[in-house]
Amino acid sequence: MTCRRLVLPVLCLLLAVLGTAGQAQAVGYRYWSFWDRNSTADTADTWVYATQGPSTARPSDGDVQGFRFSVSEDSKDSAKPRGAADFATICAKTPAREGSKRVGLVLDFGTSADAPSGSTPPRPRTACARVDDDATTADALAAVAKPLRYDTNALLCAIAGYPTTGCGEPVAADRPKASKSPGEEAESNSADGDDNGGPSLGLLTGIAAVAALGAAAVWQARRRRG
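Rules used in this analysis
Residues numbered from 1 in each chain as written. Predicted model: local features only at pLDDT ≥ 70, side-chain atom pairs only at ≥ 80, totals over all residues. Heavy atoms only, no water. Helix = DSSP H or I, 4+ residues; strand = E, 2+ residues; numbered from the N terminus. Buried < 20%, exposed > 50% of the residue type's maximum accessible area, 1.4 Å probe, protein only. Contact = heavy atoms within 4.5 Å. Salt bridge = Lys/Arg side-chain N within 4 Å of Asp/Glu carboxyl O. Phe/Tyr/Trp six-rings, centres within 6.5 Å; stacked < 30°, edge-to-face > 60°. pLDDT = per-residue confidence, 0-100. 1 Å grid on protein atoms, 1.4 Å probe; cavity = no way out; pocket = protein on both sides within 12 Å on 5 of 7 lines; lining within 4 Å. Points joined across faces, edges and corners; volume = space filled by probe spheres on them. Nonpolar A, V, L, I, M, F, W, Y, C, P; charged D, E, K, R; others polar. Patch = residues over 30% accessible without salt bridge, like charges linked within 9 Å, V, L, I, M, F, W, Y side chains within 5 Å. Areas by Shrake-Rupley, 256 points an atom, 1.4 Å probe, with all protein chains shown as cover. Lys, Arg positive; Asp, Glu negative; His and termini not counted. Charge placed at Lys NZ, Arg CZ, Asp CG, Glu CD.

So, about the overall build of the chain. For the chain, the helix and strand inventory stands at five helices and eight strands. In sequence order, the chain lays out its α and β elements as α-α-β-β-β-α-β-β-α-β-β-β-α. Sorting the 226 residues of the chain into buried and exposed places 34% on the buried side. A fraction of 64% describes how many contacts in the chain between residues 6 or more apart in sequence connect residues 24 or more apart.

Right under this line is the structure:
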C-alpha cells in the first residue's frame, strides 16, 4: 500500500511532463513584418525591425522600407526582406518633385514554406512610391501595392492581394524552415529542441529526473516493508 501511495504521484507527474511535450514547442504566427533600412556612413546597410507600425511611421524622402511575409515567433525570429534595397536603384526612374517625397519599398512575399495552404507567393519586388510630404508608410504602400487588406484591429493582412485569406494566424512549430535573407546565418539547433520536432533536451532531462524519482520511491517502499 505504501508503495502504491508513493508511486502513483510520481507516475502522475511523469504523465504531466509527457502531456506538455507538444505544448513545449513554440508557436509561430504568419504575418507581414515591417522593416527600416538603416543606412549610415559608418555602417553597412542593414534591416532593422520597425519600432512603429506602417500607419504611424512617416518616412523621409530617400528612405527605404521593407515588408516580409513569413512565419515567426516574434521580431527576433522574423525573416528579413530579401533583394536589392538601394534607394538610388529603386527610385532611379522617379525624379524628385517639390511638395512630395519618394520612398523605396522592398516587398518580399516570402517562400512556399511560409505560404498558406494552396497559395503560391509572388516573386519579391521593389517599388518607388511618390507621396505627399506628410504621408505615412501605409500611404506609400497603398500608392504602389494595392489591394491592401487590414483586419478590424488595423493589422496589415495582405499586400498586393497576398495572401487572399488569413491574418496573423498561429502556425505549428514543426513547419519547414523559411529561407534566410542573404547574409543571414543558418539557424542552429536550439538547446531546447531540434529541427525534426522531436522532444527537447530539457524535456528528456525532466522525464529522466521523474523516472529516477519513481525508482527511488519504489526502492524506499520496498526497504521499509523489508
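Structure's up, so let's keep going.
Before going further, it helps to examine the pattern of salt bridges. The final tally for this structure, using the stated rule, is four salt bridges. Note that Arg102 is salt-bridged to Asp61, the shortest N-O span being 3.4 Å. Residue Arg102 is found in strand β4 (residues 100-108), and its partner Asp61 is found in the loop between β2 (46-49) and β3 (64-72); the two are separated by 41 residues along the sequence. Classification of Arg102 by relative accessible area gives buried; the value is 12%. A salt bridge links Asp108 to Arg68, with the nearest nitrogen and oxygen atoms 3.5 Å apart. Taken as a pair, Asp108 in strand β4 and Arg68 in strand β3 lie far apart in primary sequence, 40 residues in all. Each of the two residues, Asp108 as well as Arg68, counts as buried.

Here the focus is the packing of aromatic side chains. Overall, the coordinates contain six aromatic pairs when judged by the stated rule. Ring geometry for Trp32 and Phe109: centres 5.4 Å apart, planes at 80 degrees, overall edge-to-face. Remark: Phe109 occurs in the loop between β4 and β5 (125-132) and Trp32 occurs in strand β1 (residues 28-38); sequence separation between them is 77 residues. Residue classification places Trp32 among the buried residues on the basis of a relative accessible area of 5%.

This prediction gives the chain a mean pLDDT of 77; 62% of its residues lie at or above 70. Contacts of residues 10-15 to residues separated by more than four positions or lying in other chains number six contacts, the stretch itself having pLDDT below 50. Within the model, pLDDT remains below 50 along residues 17-24, and this stretch shows five contacts once partners closer than five positions in the same chain are excluded.

Estimated volume of the second largest pocket: approximately 230 Å³. Lining the second largest pocket we find 18 residues, and of these Asp36, Arg37, Asp63, Val64 and Gln65 sit closest to its centre. Counting residues per element, the ones that place at least two in the lining of the second largest pocket are β1 and β3. Here the element with the most residues in the lining of the second largest pocket is β1; it accounts for three residues. Its residues placed into classes, the lining of the second largest pocket shows seven nonpolar, five polar and six charged.

Next up on the list: a negative patch on the surface. Taken together, Asp132, Asp133, Asp134 and Asp139 make up a surface patch of like negative charges. Relative to the helices and strands, Asp133 resides in the loop between β5 and α4 (137-144).

What follows concerns empty space enclosed by the protein. Under the criterion given, the structure shown has one cavity of 30 Å³ or more. Looking at the largest cavity, its volume works out to about 40 Å³. What lines the largest cavity is Arg30, Tyr31, Trp32, Phe69, Leu156, Cys157, Pro163, Gly166, Cys167, Gly168 and Glu169. Of the residues forming the lining of the largest cavity, the biggest block, three residues, is contributed by β1. Residues belonging to the lining of the largest cavity are distributed by class as follows: seven nonpolar, two polar and two charged.

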